[in-house]
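# Coordinate analysis (summary)
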Amino acid sequence: GVGAGIVVDGVVLRGFAGGAGEIGHLPVLDDGPLCSCGNHGCLEAFVSGPALAREGRARAEADPGSGLGRALAAGRDVTGAH
């Protein structure tokens, strides 16, 4: 996921249940993809590992001759690390 730290006057702000730095769930596109939190268009829905893997698979399917396309055709999984 996507997280951040918030420091106020030299002290880490922890927030409710330690969730003060949960910037991944800030909406960046109103009609964006579904996020794991249930909302649409959160930053995390675009840049988390699973989101990057989905985008990579989509691009591999669209361009089977690319390196990712060949890996997918060979049965290898496309991950966010790719």
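What counts, and where the lines are drawn
Residues numbered from 1 in each chain as written. Predicted model: local features only at pLDDT ≥ 70, side-chain atom pairs only at ≥ 80, totals over all residues. Heavy atoms only, no water. Salt bridge = Lys/Arg side-chain N within 4 Å of Asp/Glu carboxyl O. Helix = DSSP H or I, 4+ residues; strand = E, 2+ residues; numbered from the N terminus. Buried < 20%, exposed > 50% of the residue type's maximum accessible area, 1.4 Å probe, protein only. Contact = heavy atoms within 4.5 Å. pLDDT = per-residue confidence, 0-100. Polar contact = N/O pair within 3.5 Å; in protein donor to acceptor, adjacent residues only side chain to side chain.

Let us look at the pattern of salt bridges. As enumerated under the stated definition, the model contains two salt bridges in all. A salt bridge links Glu 55 to Arg 59; its shortest N-O distance comes to 2.7 Å. Separated by four residues within a single helix, Glu 55 and Arg 59 lie in helix α2 (residues 49–62), roughly one turn from each other. Residue Glu 55 is classed as partly exposed on the basis of its relative accessible area, which comes to 41%. Note that Asp 77 and Arg 57 form a salt bridge whose closest N and O atoms lie 3.7 Å from each other. On the criterion of sequence distance, the pair formed by Asp 77 in the segment after α3 (67–73) and Arg 57 in helix α2 is long-range, its members being 20 residues apart.

For Asp 9, which is not glycine, the phi dihedral falls at a positive 50°. By secondary structure assignment, the location of Asp 9 is in the loop between β1 (7–8) and β2 (11–12).

This part is about the environment of Ala 51. The residue Ala 51 is located in helix α2 in this model. When the C-alpha positions of Ala 51 and Gly 15 are compared, they lie 26 Å apart, and in sequence the two are 36 residues distant. Among residues more than four places away in sequence, those in contact with Ala 51 are Glu 44, Ala 45 and Phe 46.

Moving on, we come to the confidence of the model for the protein. With 100% of its residues at a pLDDT of at least 70, the protein reaches an overall mean of 89. Mean pLDDT values for the elements of the protein range from 90 in α3 up to 93 in helix α1 (residues 44–47).

Looking now at the side chain of Ser 48. Within the fold, Ser 48 resides in the loop between α1 and α2. Residue Ser 48 is classed as buried on the basis of its relative accessible area, which comes to 8%. Polar side-chain contacts of Ser 48 include one of 2.9 Å to the backbone oxygen of Glu 44.

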